[in-house]
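Chain and residue survey
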Amino acid sequence: MFYNKVPIPDVDSEAARAIVAERASRSLPDPATPDGLAMLRSAADHAPRAEGAVDKLIPGAAGDVRIRIIRPEGTARAVLLDVHGGGWFGGKPEENDYANELTAQEADVATVSVDYRLAPEHPYPAGLEDVLAAVEWLLDNAVSEFGTEKLLIGGNSSGAHLAALSVLHVRDRLGAIDRVAGVSLVYGVFDPTLTLAERLTTPATPVVNTSFLRATRELIFPDTAAVLRNPTISPLYADLTGLPPALFTIGELDPLLDDALFMAERWRAAGNEAEIDVYPGAIHGFMSSVPPLGKHAQARINSWINGHMSA
């Protein structure tokens, strides 16, 4: 089934609702101010770290790019390129350590997370250039470094936007889309001009609302809507034919719900395999902020990866 409204019988719904209510009561700092930007970026410092993670420097368009590697205990069946979220102006690879460690353990997949340059100090597309450098490095070095030529590409939030663009880069510029076994895009941004659900938020919308979304998009993409709808910026408007199977993960209360619904349907309409998991009562960022739901969703993603490794 294409659309899957995920039943979660083992999750304490009252506890999950309490977390959502608490998140909805917070006001987000303004990333356009130095203090607000610093506060938003500091959130990534508190994420749990994986003991076995190893950092490595690879060449990039503007100097070395740091990647963070987590390996499975045995032979890697594939390598997942992971692109962290953070609104293009925040986040770091370490914040995905927990999820990537689970993927390594449960799917026997090595993970490579990219420490890409952040706006506004490094205007877009600087961050995308670093992600593409990691993609190209993996295509050249996956066999020698990890013993497999098979790749997966994934990302969350703004990282899903960069991940989707990197998939198109592999197909259009590198001619190596057959190396990519699957794509996992979690509460992604696929149209920076704002989809309908993003425009219809209220001040009570949990985590992010329209005013915050508009402010961040203007900070990151200071251009007109017509320019932003170019497929090189907005993957929703790209030719999506000939792409690998994809799993989209999104929360029912997430303002980015339309992004996921539209992108998944276009992915499928282009002749590709696509599934979308919609989590009832879940907010943007729920995989890290609402642990019961996040654990369930990560297990589902890893199960999906396992299925496509054996396909």
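Quick summary incoming for the structure in this document.

**A short note on the overall build of the protein**
- Across its full length, the protein holds eleven helices and nine strands.
- Taken over the C-alpha trace, the protein has a radius of gyration of 18 Å; the compact-globule value for 311 residues is 19 Å, and the two agree within 12%.
- By its C-alpha atoms, the protein is 50 × 45 × 40 Å across when sized along the principal axes.
- Put simply, 77% of the contacts in the protein that link residues at least 6 apart link residues at least 24 apart.
- Surface exposure of the protein reaches about 13100 Å², of which carbon and sulfur atoms provide 54%.

**Considering the pattern of salt bridges**
- With the rule as written, the count across this model stands at 16 salt bridges.
- R66 is the partner of D55 in a salt bridge, and the nearest nitrogen-oxygen pair spans 3.1 Å. Here D55, found in strand β2 (residues 54-60), pairs with R66, found in strand β3 (residues 63-70); they are eleven residues apart in sequence, far enough to count as distant.
- Judged by its relative accessible area of 38%, D55 is partly exposed.
- In this structure R66 comes out as buried when scored by relative accessible area, which is 18%.
- Across the pair R66 and D115 runs a salt bridge, and its minimum N-O distance is 3.1 Å.

**Points about the side chain of D82**
- As for its placement among the helices and strands, D82 is situated in strand β4 (residues 78-83).
- Of the side chains with opposite charge, R68 comes closest to the buried, unpaired D82, at an N-O distance of 8.9 Å.
- A polar side-chain atom of D82 sits 3.0 Å from a polar atom in the side chain of N96.
- Ignoring any residue separated from it by four or fewer positions in sequence, one finds D82 in contact with N96, N100, V112, S113, V114 and G154.

**Quick word on the layout of surface pockets**
- Its volume calculated, the second largest pocket comes out at about 250 Å³.
- As for the second largest pocket, its lining consists of L128, L132, L165, L168, H169, R171, D172, R173, P231, T232 and A238.
- When residues of the lining of the second largest pocket are traced back to their parent elements, those giving at least two are α4 (126-146) and α5 (158-172).
- Here the residues of the lining of the second largest pocket sort into six nonpolar, two polar and three charged.

**Things to note about empty space enclosed by the protein**
- A full pass over the atoms with the stated rule returns two cavities of 30 Å³ or more.
- By volume, the largest cavity amounts to about 60 Å³.
- Class assignment of the residues belonging to the lining of the largest cavity gives a composition of nine nonpolar, two polar and one charged.
- In this model, the second largest cavity occupies a volume close to 30 Å³.

**A closer look at the packing of helix α3 (residues 97-107) against helix α11 (residues 291-309)**
- In the contact formed by α3 and α11, the axes pass within 10 Å of each other and the chain directions differ by 40 degrees. Here α11 runs oblique to α3, going by the angle between their axes. Relative to α11, α3 is oriented so that their crossing is right-handed. On the side of α3, the interface is formed by A99, L102, T103, E106 and A107, while α11 contributes Q298, A299, N302, I305 and N306.

**Things to note about the pairing of β4**
- The buried fraction of β4 amounts to six of the six residues, a majority that puts the element mostly inside the structure.
- Residue alternation in β4 divides its side chains into two sets, A78, L80 and D82 and V79, L81 and V83, and both sets are buried.
- Strand direction decides the pairing type here: β4 and strand β5 (residues 109-115), joined by five bridges, are parallel. The partner of L80 across the bridge, within β5, is T111.
- For the crossover from β4 across α3 to β5, the handedness is right-handed.
- Of the pairings in the sheet, the one linking β4 to strand β6 (residues 151-156) comprises five bridges and is parallel in character. Its bridge partner being in β6, V79 is matched across the sheet by L151.

Parameters and conventions
Counting of residues starts from 1 at the beginning of each chain's written sequence and follows it residue by residue. In view of the model being predicted, local features appear only for residues whose pLDDT reaches at least 70, and side-chain atom pairs are presented and counted only at 80 or more, with totals across whole chains, interfaces and linings using the full set of residues. The side-chain values count all of the structure's non-hydrogen atoms but skip hydrogen atoms and water molecules. Helix and strand assignments come from DSSP, with helices taken as H or I runs of at least 4 residues and strands as E runs of at least 2, each series counted from the N terminus. Throughout, the radius of gyration refers to the C-alpha atoms, and the reference size of a globule is 2.2 Å times the residue count to the power 0.38. Two residues qualify as a contact provided that any one of their heavy atoms is within 4.5 Å of a heavy atom in the partner residue. Accessible surface is estimated by sampling points in the Shrake-Rupley manner with a 1.4 Å probe; for residues, cover comes only from the protein chains shown. Each salt bridge in this description consists of a side-chain nitrogen of Lys or Arg and a carboxyl oxygen of Asp or Glu lying within 4 Å of one another. For every residue, the accessible area (1.4 Å probe, protein chains only) is compared with the maximum for its type, and the residue is labelled buried under 20%, exposed over 50%, or partly exposed between those bounds. Neither His nor the chain termini are counted; the positive set is Lys and Arg, and the negative set is Asp and Glu. Any N or O atom pair separated by 3.5 Å or less is treated as a polar contact, with the protein-specific requirement of one donor-capable and one acceptor-capable atom, and with residues adjacent in sequence counted only for side-chain atom pairs. Both cavities and pockets are sets of points on a 1 Å grid over the protein atoms alone; in a cavity a 1.4 Å probe fits but cannot get out, in a pocket the set is open with protein on both sides within 12 Å along at least five of seven lines, and lining residues sit with an atom within 4 Å of a point. Grid points are joined across faces, edges and corners, and a volume is the space filled by probe spheres set on the points. All amino acids are sorted into three groups, where Ala, Val, Leu, Ile, Met, Phe, Trp, Tyr, Cys and Pro are nonpolar, Asp, Glu, Lys and Arg are charged, and the leftover types, Gly among them, are polar. An axis is simply a line fitted to the C-alpha atoms; with a helix, the fit covers only the stretch in contact. Between two such axes, the angle follows the N-to-C directions and lies from 0 to 180 degrees. By the definition adopted for this analysis, an angle is roughly parallel if under 35 degrees, roughly antiparallel if over 145, roughly perpendicular if from 65 to 115, and oblique otherwise. By the definition used in this description, the sense in which the near helix is turned from the far one sets the handedness, with an anticlockwise turn below a right angle giving left-handed and a clockwise turn giving right-handed. Two strands pair if DSSP finds at least two bridges between them. For crossovers, right-handed means that the path from the first strand over the helix to the second runs clockwise, given strands pointing away from the viewer.

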